[in-house]
Amino acid sequence: MLAIFDGIRGFSFLSIALRILLSSISAGLIGFERGRAGRAAGLRTHILVSLGACIVMCLDHYLVTAVNPAADPARLGAQVINGMGFLGAGTILATGKRVTGLTTAAGLWTTACIGLAYGGGYFEGGILATATMLVVMIILHRLEGHTSTLIGMELLVETTSPEDIPYLLETTRKCGAQVINVSINSDSKKVKKGHILTRLSLRVGRTFDSSEILDTISQKTSVVKFEEL
């Protein structure tokens with residue numbers, strides 16, 4: 001433990017104010033990074049999560065010191081950790097075979113834990129956890145972006161002519177996707193007579209945005225419908 005924090009570990013107005021301030025600053029730094037990356041949970045969400053967790057731990061401390069010394073000081077904090085699963089699940093999005101939002105969900109859970117640490121007076125842990133989390137989300141994210149890890153993606157496109165197949169292949173390649181397999185079907189009951197149903201199996205990076213391919217394909221007049229599987 002650092003001696004610099006010894007004077008504010010007690011349960012006073014100044015101590016509570018500093019815990020709330022530090023938890024909000026830490027969560028704000030994390031939320032700013034997530035918001036800049038365009039994630040569902042940004043600055044305000046992270047601050048509110050950490051603030052709520054911090055207040056819960058302060059309430060725990062108050063109940064033990066002022067109401068019932070025999071109370072469990074970690075009981076409410078444990079409920080915060082369990083309850084974060086519902087909020088984190090709201091940031092996870094499954095599109096076809098790809099799942100996004102896991103890092104943001106994990107970040108929200110960790111932010112709540114940081115708030116609990118500040119609320120419990122463990123300032124060193126909160127500061128170190130915040131610094132480590134920023135390193136993971138900023139620096140390691142950039143390193144991960146340079147790895148060759150690819151994931152699968154499949155597109156199903158219905159067109160009016162087989163001559164559109166080369167256009168589909170060229171479009172996917174220009175958007176940065178690798179074409180692994182092409183399956184063509186014109187006899188399916190789901191396809192109108194004379195139309196072609198093309199299934200494209202692709203390999204894309206983890207941060208690949210499929211909206212570019214879908215927007216480009218939608219501009220082709222001979223494309224009847226399309227979807228990402």
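Residues numbered from 1 in each chain as written. Predicted model: local features only at pLDDT ≥ 70, side-chain atom pairs only at ≥ 80, totals over all residues. Heavy atoms only, no water.

(A) Geometry of the overall build of the protein chain. The helix and strand tally for the protein chain stands at 7 helices and 6 strands. The secondary structure elements of the protein chain, listed N-terminal to C-terminal, are α-α-α-β-β-α-α-β-α-β-β-α-β. Buried residues in the protein chain amount to 38% of all 229 residues. For the protein chain, restricting intrachain contacts to residue pairs at least 6 apart in sequence, the fraction spanning at least 24 positions comes to 67%. Looking at the protein chain as shown, the accessible area adds up to about 13,200 Å², and 61% of this sits on carbon and sulfur atoms. (Helix = DSSP H or I, 4+ residues; strand = E, 2+ residues; numbered from the N terminus. Buried < 20%, exposed > 50% of the residue type's maximum accessible area, 1.4 Å probe, protein only. Contact = heavy atoms within 4.5 Å. Areas by Shrake-Rupley, 256 points an atom, 1.4 Å probe, with all protein chains shown as cover.)

(B) Region of the structure containing the pattern of salt bridges. Under the defined criterion, the tally for this structure stands at 1 salt bridge. Arg34 is the salt-bridge partner of Glu33, the closest N and O atoms lying 2.8 Å from each other. In this structure Glu33 comes out as buried when scored by relative accessible area, which is 7%. Taking relative accessible area as the criterion, Arg34 reaches 4% and is therefore assigned buried. (Salt bridge = Lys/Arg side-chain N within 4 Å of Asp/Glu carboxyl O.)

(C) Local environment of the side chain of Ser201. Within the fold, Ser201 resides in strand E5 (residues 196–205). Using a relative accessible area of 16% as the deciding quantity, one classes Ser201 as buried. In contact with Ser201, other than residues within four places in its own chain, are Met153, Glu154, Gln178, Val179, Ile180 and Asn181.

(D) Up close: the packing of aromatic side chains. Here the structure, examined in full by the defined rule, presents 1 aromatic pair. Centre to centre, the rings of Tyr118 and Phe123 are 6.5 Å apart; their planes meet at 50°, and the pair counts as tilted. A relative accessible area of 0% places Phe123 in the buried class. (Phe/Tyr/Trp six-rings, centres within 6.5 Å; stacked < 30°, edge-to-face > 60°.)

(E) Expanded view of the side chain of Thr104. Summarising the element assignment, Thr104 is placed in helix H4 (residues 102–119). Looking at Thr104, the relative accessible area reads 3%, which means it is buried. A distance of 3.2 Å separates the side chain of Thr104 from the side chain of Arg34, its partner in a polar contact. Those residues in contact with Thr104, other than ones at most four positions away along the chain, are Arg34, Arg39, Ala41 and Thr91. (Polar contact = N/O pair within 3.5 Å; in protein donor to acceptor, adjacent residues only side chain to side chain.)

(F) Up close: the environment of Cys54. Take Cys54: it is sitting in helix H2 (residues 43–67). According to the relative accessible area criterion, Cys54 is buried, its value standing at 0%. Between the C-alpha atom of Cys54 and that of Gly115, which follows or precedes it by 61 residues, the distance is 4.5 Å. Setting aside anything within four residues of it in sequence, one finds Cys54 in contact with Arg19, Ile20, Ser23, Gly115, Leu116, Tyr118 and Gly119.

(G) Fine view of the environment of Val223. For Val223, the position within the fold is in strand E6 (residues 223–228). The sequence separation of Val223 and Glu158 amounts to 65 residues, and the corresponding C-alpha distance is 6.0 Å. The contacts of Val223, once residues within four sequence positions are left out, are Val157, Glu158, Thr159 and Ile217.

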